[in-house]
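Here is how the chains run, residue by residue.
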Amino acid sequence: MSTPFDGPQSNETTRMRLNSAADQGGGGGGSAGTTKADTARMNQASNALVELRGDTENVDNAADDDTQSAVRGLNKHTAGGVPDAGSWQTAGSLMTMDVRWGMQVANLKSMLQGISDKLHATTGQYTRAEQEERARMNAINSPFG
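Residues numbered from 1 in each chain as written. Predicted model: local features only at pLDDT ≥ 70, side-chain atom pairs only at ≥ 80, totals over all residues. Heavy atoms only, no water.

### Description of helix α1 (residues 39–76)
At step 1: Between its first and last C-alpha atoms α1 spans 55 Å; for 38 residues at 1.5 Å apiece the expected length is 56 Å, and the two agree.
At step 2: Restricting attention to buried positions, one finds in α1 the residues Met 42, Ser 46, Leu 49, Thr 56, Asp 60, Asp 64, Thr 67, Val 71 and Asn 75.
At step 3: The elements touched by buried residues of α1 are α2 (89–139). (Helix = DSSP H or I, 4+ residues; strand = E, 2+ residues; numbered from the N terminus. Expected span 1.5 Å × (residues − 1). Buried < 20%, exposed > 50% of the residue type's maximum accessible area, 1.4 Å probe, protein only. Contact = heavy atoms within 4.5 Å.)

Structure below.
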């Protein structure tokens, strides 16, 4: 019985390939200094997230304005009360929901900014690694040309 660590048996042959890409089934092989990351698309995605963050800010401001207008409208019709005193229960609930909405928007904007920052950093790292690998490969003197 043989193990993977035993030498070739009498009816087996040993083959070796150097400097080759992987077979179609996968496996070893070098990538010859190329990266599989599409840095242009990563930059596009990151920029789209920045734009989405700005759009989120605009939507939040509009929702805040509408909610505060509704609160003022409800309180204006309070019998014997000051218009902004918040004497309608619905007005108070609207303000509570507006505060919750604001916290959720702030969290979303923070997440979008974090993802965008990470995409930009990853793009930079891939680009630097690619440039360093090309410089290293160009510095190798080969007797084969």
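After that view, the rundown keeps rolling.
### Section: α2
Residue pairs three or four apart in sequence face the same way in an α-helix, which turns once every 3.6 residues.
At step 1: For α2, with 51 residues, the first-to-last C-alpha span of 75 Å sits near the 75 Å given by 1.5 Å per residue.
At step 2: Those residues of α2 not exposed but buried are Ala 91, Asp 98, Val 105, Lys 109, Leu 112, Ser 116, Leu 119, Thr 123 and Glu 130.

### Comments concerning the environment of Thr 67
At step 1: Along the chain, the position of Thr 67 falls in helix α1.
At step 2: Distance from Thr 67 to Asp 98, taken between C-alpha atoms, is 6.9 Å for residues 31 residues apart in sequence.
At step 3: Look past the residues within four positions of Thr 67 in its chain and what remains in contact with it is Leu 94 and Asp 98.
At step 4: Here Ala 63 takes part through its backbone oxygen, which lies 2.8 Å from a polar atom of the side chain of Thr 67. (Polar contact = N/O pair within 3.5 Å; in protein donor to acceptor, adjacent residues only side chain to side chain.)

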